[in-house]
Amino acid sequence: MKTESKHIILKAEQLSIGYKTKRKDVVIASDINFDLEKGQLIGLVGENGIGKSTLLRTLIKVQPELSGSISLNNQDLKQTSAHQLATQLSIVLTEQLTSKNLSVFELVALGRHPYTNWIGNLTEIDFEKINQALDLVGVTDLKEKKCFELSDGQLQKVMIARALAQDTDLIILDEPTTHLDMYHKAYILKLLKRLTQDTGKTILFSSHEINLAIQLCDTMIVMTKEVTVTDQPCHLIEKGVFYSLFPEDMIAFDSKTGSFRVTK
Ligand SMILES: Nc1ncnc2c1ncn2[C@@H]1O[C@H](COP(=O)(O)OP(=O)(O)OP(=O)(O)O)[C@@H](O)[C@H]1O
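Calculation notes
Residues numbered from 1 in each chain as written. Predicted model: local features only at pLDDT ≥ 70, side-chain atom pairs only at ≥ 80, totals over all residues. Pairing = 2+ DSSP bridges. Helix = DSSP H or I, 4+ residues; strand = E, 2+ residues; numbered from the N terminus. Near = placed C-beta within 6 Å. Nonpolar A, V, L, I, M, F, W, Y, C, P; charged D, E, K, R; others polar. Axes fitted to C-alpha atoms, helices over the stretch in contact; angles between N-to-C directions. Contact = placed C-beta atoms within 7 Å.

J.: Teacher, can you tell me more about the pairing of strand 11 (residues 251-254) here?
T.: Residues in a regular strand point their side chains to alternate faces of the sheet. Alignment of strand 11 against strand 12 (residues 259-262), held across four bridges, turns out to be antiparallel. Following the sheet pairing, Asp254 is matched in strand 12 by Ser259. Count of turn residues in the strand 11/strand 12 antiparallel hairpin: four residues, of which Gly258 carries a positive phi of about 65°.

Written out as structure tokens, the structure reads:
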């Protein structure tokens, strides 16, 4: 029998995350284990303050893990240099952009920073990657516009194009649908899904759009107070993981529809 070997991009083993203070380690979540495969869309969900951003910050090496290990493309994250990291992992954060005076093209071109020289001269390959990225997210017609002229939805697409131009195996986004209306939330998450299929990249995002994530993700990482579970959405539904996500006085999970509803 032929067994297909999985191509693991990001792996967490016995990971414990949190904050170090002078007196002690404050553990936010522990016993986190997952294997994220090439070409998958992965949604990270959990209630406010549960530790999603802390986990993402640990995975992108902005803060150290308290214990356990993370490997990116089979290499321990601790051993990965800043340059190696920039060629394997790109990040889209929600913070307000400070460089809104740049044109869309210039902003997306910043994604090429791991490959350009110190003045940032662009080669033919850089131009090709930038134009490809603009095309993939459908913002080529905006490329001459200044970023301050864009709507929140357009800006989010441009930020995704910047990450694509960086040409990494893994893209991590922290709450990419914040500030967007219902249509654009669905639009952005469907775009991420299409990008995993068209480019083979692995995309991990945190979100409060659990209903959409259940419908679109290949894998979900669900953080609750007790455990962090990673699996396909249908398996998570079977295991009853979503019932324990929120207190049931306001909203309840309906396993038949795979969605949350307001309790009457
Ligand atoms: N720099 C810090 N030092 C100490 N504790 C922190 C720090 N930043 C966040 N925390 C705490 O860590 C916990 C997790 O916060 P985090 O921002 O990771 O949650 P989250 O799931 O991303 O929340 P939200 O959905 O509201 O964005 C919270 O209790 C928060 O108060």
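J.: What am I meant to see in the site of the ligand here?
T.: The local shell around the ligand consists of Tyr19, Ile28, Gly46, Asn48, Gly49, Ile50, Gly51, Lys52, Ser53 and Thr54. It is helix 1 (residues 52-59) that provides the largest number of residues to the shell around the ligand, a total of three residues. Considered class by class, the residues forming the shell around the ligand number three nonpolar, six polar and one charged.

J.: Can you help me understand the sheet that holds strand 7 (residues 170-174) in this one?
T.: Backbone-to-backbone hydrogen bonds join strands into a sheet, with any given pair of strands oriented parallel or antiparallel. Strand order in the open sheet formed by six strands is 6-7-8-3-9-10, with mixed pairing between adjacent strands. Across the chains shown, the open sheet's two edge strands, defined by having one partner strand only, are strand 6 (89-92) and strand 10 (228-231). Across the sheet, the axes of successive neighbouring strands diverge by a mean angle of 15°, strand direction being ignored. For strand 6 and strand 7, the ladder comprises four bridges, and the chain directions are parallel. Among the inter-strand pairings, Leu89 is bridged to a residue of strand 7, identified as Leu170. Here helix 1 sits on the sheet in contact with strand 3 (41-45), strand 7, strand 8 (202-206) and strand 9 (219-223), set at roughly 150° to strand 7. Across the sheet, helix 6 (residues 182-199) touches strand 3 and strand 8, and the angle it forms with strand 8 is around 160°.

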